[in-house]
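# Summary of structural features
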Amino acid sequence: MKIRQFTPSQTALAVAIVLASGTSSVLYAQEQPNAPEAQDKKVEVIQVKGIRGSLIRSMDIKRESNGVVDAISAEEMGKFPDTNLAESLQRITGVSVSRANGEGSQITVRGFGPDFNLITLNGRQMPGTGYTRSFNLENLSSEGVSALEIQKTARAENPSGGLGATVNIVTTKPLANPGQHGSVSAKGIYDSSNVKGDDVTPELAAVYSNTFDDERYGIAFSFSHQQRDFQKQQANIQGWQANVALPELDPEFAVDHRPAGADGEKIGNYYFPKDMNYGIEDIERERTNGQLTLQFAPVDNFVATLDYTASKAVTGSESIGWGIWNEFGGNINAYELDENGTAVYADIGGNDGSFTANRGTTEIDAKSIGLNLDWTLNDDWQFALDYHDSDNKADNGADHGLGSQGQIILGSDQLITKYYDYRTGEVPQAWILWKNGSNELSPGEIDSNFSQFTHSPGETTIEQLQLNGQWTNNDFNIPLVNLKFGVARTEQSMGGHSGWSGLRGGPGFNPAYPQIFPDSMFTLHSTAGFLDQFSMGSLNPHYYYSYDFDEALSRQLAFLTEEVMGADVYSIDPYIDGIDSESYVEEVTSSIYLQSQWDTEVAAIPLQFNIGVRYEETDVTSTVRQRVETQVNWESPSEWITHYQQGGTDNFLEQQGRHDLLLPMFDLKADLSDDLVARFSWGKTITRAPLGLLAGGRALSGSPKPGSRSGSQGNTNLLPFESTNLDLTLEYYYSEGSYAAIGYFRKDVDNFIQTTITETTIEGLHDILNGPRYQQAVRDIEARGEQATSTAIFEQMLANGAGNAEGKIEPTAADPLIVWQISQPANTDAKSVDGYELAIQHLLGETGFGIGANATFVDGDVEFDVYSLQQQAPLTGLSDSANLQVFYEQDGLSVKVTYAWRDEYLIGVGQSQGSADAPPQFAETYGQWDLSVNYELTPELTVFVEGINLNNETERGYGRFKEQFLFARQYGPRYSVGARYRF
């Protein structure tokens with residue numbers, strides 16, 4: 001075997017000595033080492049700016065890295081390829097994004113969704129947003145970011161948690177780029193969807209970096225502030241109910257296209273929509289980011305870095321909605337089922353139609369302070385001590401007038417029947433035949449249904465101490481290049497609580513108070529032009545009413561007092577009966593790792609391989625507030641309310657869990673020629689269980705309507721998802737900035753988590769539904785030849801004397817016990833995902849033109865079986881994806897057009913008003929075109945124009961089948977014009 005001698009170059013020596021970011025293993029061309037730390041040897045810095053420079057640097061990172069790594073580099077200081085980090089990441093092969101409010105928010109890598117991907121900041125594990133593990137990238141601006149690196153294969157030196165990938169956000173370090181550098185920019189944003197907000201909103205950003213005293217001191221800071229006003233139009237169904245009770249109807253009113261068996265009976269399940277709603281939401285969003293970095297190098301071999309990063313995102317919204325809500329059984333007058341059993345038409349009586357006003361503000365605050373001490377002891381030894389304290393808070397009670405999320409529902413139950421029709425168009429139609437003989441409710445008939453106010457703040461914190469070391473082999477004539485080793489302790493705490501006011505103000509129009517609201521409070525609107533990007537013809541309903549949230553609130557507060565309403569007194573306090581739920585999960589992880597790099601040759605082919613192992617022990621503590629349920633009342637035809645024991649001391653349940661892990665890894669890189677690189681990687685990665693599943697204790701629905709008598713129970717001893725990964729790639733680097741790559745990956749994941757639903761009765765919780773008084777009411781109604789709708793049954797039970805003094809029906813011991821559907825997670829079997837990645841990047845010589853394209857194709861035994869009503873454990877987010885980028889850059893002009901495409905995918909399992917079988921939520925295919933144009937007026941001053949979602953792409957989701965509509969959303973394109981000055 002021919003031994004390859006390791007002879008470091010000047011740049012390699014600088015990389016080995018200067019690790020200003022502590023744990024980052026990659027140095028970027030735009031951030032060159034400072035002179036003293038390069039042993040007084042001046043290294044010429046040649047920076048290629050713009051799109052071309054960014055692509056060349058990203059390609060170089062990919063080529064030189066160990067394992068499978070992709071990267072995105074800033075085009076120049078203060079200018080990242082996209083203003084949103086998630087939007088930038090979707091340009092990477094195998095990465096696709098999920099969107100929030102029309103912006104990229106969270107990432108899916110190789111089919112593994114946000115909870116499976118770890119976000120680090122300069123090598124430090126970042127806390128998830130609020131009470132989650134996933135990180136909302138839209139809350140971080142890109143101005144202070146120099147690069148994003150995506151590690152797709154296992155590395156012993158990385159913190160665990162990135163089963164899909166580990167994304168490291170690399171920020172500006174002054175000593176890595178000596179001298180004074182700065183950039184300021186300003187832009188005006190025009191969102192074409194905006195109606196109520198400002199037509200043009202500002203975005204301001206500044207980045208500054210400087211070094212002093214012969215590069216002994218350095219300071220860098222960045223700041224950005226963005227405002228965006230826009231409107232979201234949407235249609236929604238909260239859930240689909242499987243195999244609901246059906247009345248006996250004449251064949252002309254019960255059309256069923258399902259196939260029939262040999263006995264003539266229809267085969268398969270059938271499904272009905274629980275509701276149908278439409279809405280218009282006006283949103284104002286502000287995002288503020290800031291970072292300060294201080295560096296001190298008192299001697300050539302020591303660098304201290306202190307940095308502070310903070311972000312705040314405030315999103316306020318006001319919306320108006322309108323729609324219907326359904327119960328089944330005797331309420332159904334007619335229906336049509338398609339061949340899959342989905343109701344595409346239904347005539348359903350009873351219940352109500354409503355106009356809903358919502359208001360709320362959510363504030364997300366994140367901050368991180370860290371200290372890194374990097375000491376190069378000598379040519380052989382280097383150590384880095386890194387500490388950071390980070391937290392991420394989400395509070396949906398940032399509306400200073402409410403202190404909560406508020407919802408006011410007005411409407412009427414004075415209807416004859418409701419119609420749902422999805423036989424044509426892309427959005428279902430839903431309208432009501434009212435007792436006034438028309439399909440339009442008059443303002444004087446609008447009554448108070450109920451209001452509710454919720455508050456559910458959450459916080460995740462991470463305190464992490466890492467000690468890393470590296471020994472470089474300069475003495476022994478063996479293939480070993482270096483050994484990396486380290487220990488770490490990570491304390492992660494995640495917690496939150498919630499308060500719910502309950503349904504305030506006499507839910508269900510019982511009693512009725514239409515006199516509270518004058519006709520002048522309501523404004524009539526046509527639905528013409530609503531959701532105009534969807535094919536649906538004229539929408540039914542043809543109208544909706546809007547009203548002022550504050551006026552409706554103040555009128556109900558003034559009228560629906562305790563004297564009038566008793567216990568149902570109107571209140572905006574979400575904690576009127578105390579905290580409804582509270583849970584905390586603490587994870588303490590101790591870890592140790594060893595990783596080695598070896599260089600050698602076989603048959604004149606240079607080989608580099610890495611072998612490593614990481615060991616971790618994690619202790620989990622779950623603390624949950626337990627509430628004691630006393631009974632479930634039927635309080636109106638449409639509302640069932642759980643009541644709880646009042647008074648007494650808080651009952652907290654504490655549970656413990658523990659697990660340990662051994663995570664080996666192996667990388668092999670072969671330089672088959674000067675242009676051709678082959679890689680083989682094998683290793684284990686993990687993702688810990690979702691936080692909500694780790695929180696022990698049992699919780700029952702506070703609004704257990706028929707078909708939704710649900711509850712949940714956690715499992716603190718859930719084991720992490722553990723994946724054994726295999727990667728094979730071939731990369732051809734045939735020209736500067738140009739390459740082609742193909743890769744195969746496979747992930748075999750153990751300990752998949754499946755939620756099992758168990759039917760359970762709880763002593764003392766009796767069910768009015770189908771009890772003796774309920775059945776008597778049905779008989780009384782049918783004896784008169786009338787339809788036994790839920791409204792008619794409720795009113796008959798009151799007439800029969802079943803109501804209490806407040807007109808509510810309480811259970812009795814003669815009623816049967818409620819059958820609850822209790823879901824609990826458990827680790828189950830293994831599942832596999834595999835796929836192919838293709839990428840090409842080509843710069844057309846000196847023409848200024850370039851193109852980049854990539855595609856990912858994934859498959860596995862993790863898909864949801866839409867025909868089964870059994871509980872399932874599929875993988876959410878699995879989908880094919882592709883990206884295209886075409887650009888021209890020359891003579892100060894740069895034009896870039898990008899297209900991001902994602903195939904349909906599973907969003908999640910379970911629908912808010914779906915049946916107990918936990919039906920799925922799928923997103924349809926999405927493709928978006930973006931454009932940016934930059935022109936340099938001078939070497940320092942650039943003006944630019946950007947266009948986002950130029951094709952006005954919309955979002956649409958469905959349940960088991962595409963005919964089971966779940967949502968449609970449209971936002972419209974947005975544009976920005978601005979200028980950037982650099983110095």
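As a reminder, the structure under discussion sits directly above these lines.
Everything numeric here is computed off the predicted structure, so don't read it as measured data. Residue positions are counted from 1 within each chain, in the order its sequence is given. With pLDDT at 70 or above as the cut-off, local features in this predicted model cover only qualifying residues; side-chain atom pairs require 80 or more to be listed or tallied, and sums for whole chains, interfaces and linings still use all residues. Hydrogens are left out, water is left out, and the side-chain values use all remaining heavy atoms of the structure.

Let us now look at the overall build of the chain. Comment: elements are numbered from the N terminus, with helices defined as DSSP H or I runs of at least four residues and strands as E runs of at least two. The secondary structure content of the chain amounts to eight helices and 50 strands. For 983 residues, the compact-globule estimate of 2.2 N^0.38 gives 30 Å, and the C-alpha radius of gyration of the chain, at 31 Å, lies within 12% of that figure. Here the C-alpha coordinates of the chain stretch approximately 100 × 60 × 55 Å along the principal axes. A total of 983 residues make up the chain; the buried ones form 58% of that total. Residue contacts are counted whenever heavy atoms from the two residues lie within 4.5 Å of one another. Taking all contacts inside the chain whose residues are at least 6 apart in sequence as the whole, residues at least 24 apart take part in 76%. Residue-level accessible areas treat just the shown protein chains as cover; the underlying method is Shrake-Rupley with a 1.4 Å probe. A total accessible area of about 37700 Å² is found for the chain, and carbon and sulfur atoms account for 53% of it. Positive: Lys, Arg. Negative: Asp, Glu. His and the chain ends are not part of the count. Working definition for charges: the position is that of NZ of Lys, CZ of Arg, CG of Asp or CD of Glu. Of the charged side chains in the chain, 66 are positive and 132 negative; the average position of the first set lies 3 Å away from that of the second. Only the C-alpha atoms count toward the radius of gyration. The rule for a globule is 2.2 Å times the residue count to the power 0.38. Between buried and exposed lies partly exposed: a residue is buried under 20% and exposed over 50% of the maximum accessible area for its type, with that area taken using a 1.4 Å probe on protein chains only.

Time to look at the sheet that holds strand S1 (residues 69-73). Here a strand pair is declared whenever DSSP counts at least two bridges between the two strands. Pairing is mixed across the open sheet formed by five strands, whose spatial order is S1-S6-S7-S4-S5. Where the open sheet ends on each side, the last strands, each with one partner, are S1 and strand S5 (124-125). Two elements, strand S4 (residues 117-121) and strand S7 (residues 165-171), share five bridges in a ladder whose sense is parallel. Following the sheet pairing, Leu121 is matched in S7 by Ile169.

Moving on: the pattern of salt bridges. One side-chain nitrogen of Lys or Arg within 4 Å of one carboxyl oxygen of Asp or Glu is enough to make a salt bridge. Per the counting criterion, the structure on display carries 50 salt bridges. We note a salt bridge from Arg155 to Asp667, for which the minimum N-O separation is 2.8 Å. Pair noted here: Arg155 is in the loop between strand S6 (145-151) and S7 and Asp667 is in strand S32 (residues 651-671), with a separation of 512 residues, a long-range link. With respect to burial, Arg155 and Asp667 carry one shared label: buried. One connected set of salt bridges, linked through shared partners, spans Lys62, Asp70, Arg110, Lys152, Asp727 and Glu837.

What follows deals with a negative patch on the surface. Two distance rules govern patches: like charges are joined within 9 Å, and nonpolar side chains (Val, Leu, Ile, Met, Phe, Trp, Tyr) within 5 Å, applied only to residues with over 30% relative accessible area and no salt bridge. Taken together, the side chains of Asp198, Asp199, Glu284, Glu286, Glu318 and Asp548 define an acidic patch exposed on the protein surface. Here Asp198 lies in the loop between strand S8 (181-191) and strand S9 (200-212). Among the residues examined, Asp198 registers a relative accessible area of 48% and is labelled partly exposed.

This next bit is on the side chain of Asp229. Structurally, Asp229 can be placed in strand S10 (residues 217-236). Arg228 is the oppositely charged side chain nearest to the buried, salt-bridge-free Asp229, at an N-O distance of 8.1 Å. A polar atom in the side chain of Asp229 sits 2.8 Å from the backbone nitrogen of Asp198. Those residues within four positions of Asp229 in sequence are excluded, and the remaining contacts are Asp191, Asn194, Gly197, Asp198, Thr201, Ile283, Glu284 and Arg285. By the criterion applied in these results, polar contacts are pairs of N or O atoms within 3.5 Å in which, for protein atoms, one can donate a hydrogen and the other can accept it, and in which residues neighboring in sequence qualify only through two side-chain atoms.

Turning to helix H4 (residues 549-559), a few remarks are in order. Taken residue by residue, H4 has Phe549, Ala552, Leu553 and Gln556 as its buried positions. Projected down its long axis, H4 carries its buried residues within an arc of 100°, all on one side. Near the N-terminus of H4, the side chain that reaches the backbone nitrogen of Asp550, with its oxygen 3.2 Å away, is that of Asp548. Each direction from the helix axis to a C-beta atom contributes to the arc, which is the arc of those directions.

In this section: unusual backbone geometry. The linkage connecting Asn540 with the following residue, Pro541, adopts the cis geometry, with an omega of 10°. Note on placement: Pro541 falls in the loop between strand S26 (523-526) and strand S27 (543-546). The phi angle at Asn101 is positive, at roughly 55°, despite the residue not being glycine. Structurally, Asn101 can be placed in the loop between strand S2 (95-100) and strand S3 (103-109). Of the residues examined, Asn101 reaches a relative accessible area of 18% and is grouped as buried.

Let's shift gears to a nonpolar patch on the surface. Among the surface-exposed residues, Phe221, Leu292, Leu294, Leu306, Tyr308, Ile369 and Leu371 lie close enough to one another that they form a single nonpolar patch of about 560 Å² accessible area. Only strand S14 (275-299), strand S15 (302-325) and strand S18 (352-376) provide two or more residues apiece to the nonpolar patch. Looking at the secondary structure, you find Leu371 in strand S18. On the basis of relative accessible area, Leu371 is assigned to the partly exposed category, the value being 36%.

Below, the discussion takes up the pairing of strand S28 (residues 581-602). Here strand S25 (residues 480-500) pairs with S28 via 18 bridges, running antiparallel. Counterpart to Glu491 in the pairing with S28 is Val588. Direction of pairing for S28 relative to strand S29 (residues 605-626): antiparallel, over a ladder of 20 bridges. Residue pairing for S29: Tyr593 is matched across the bridge by Arg614.

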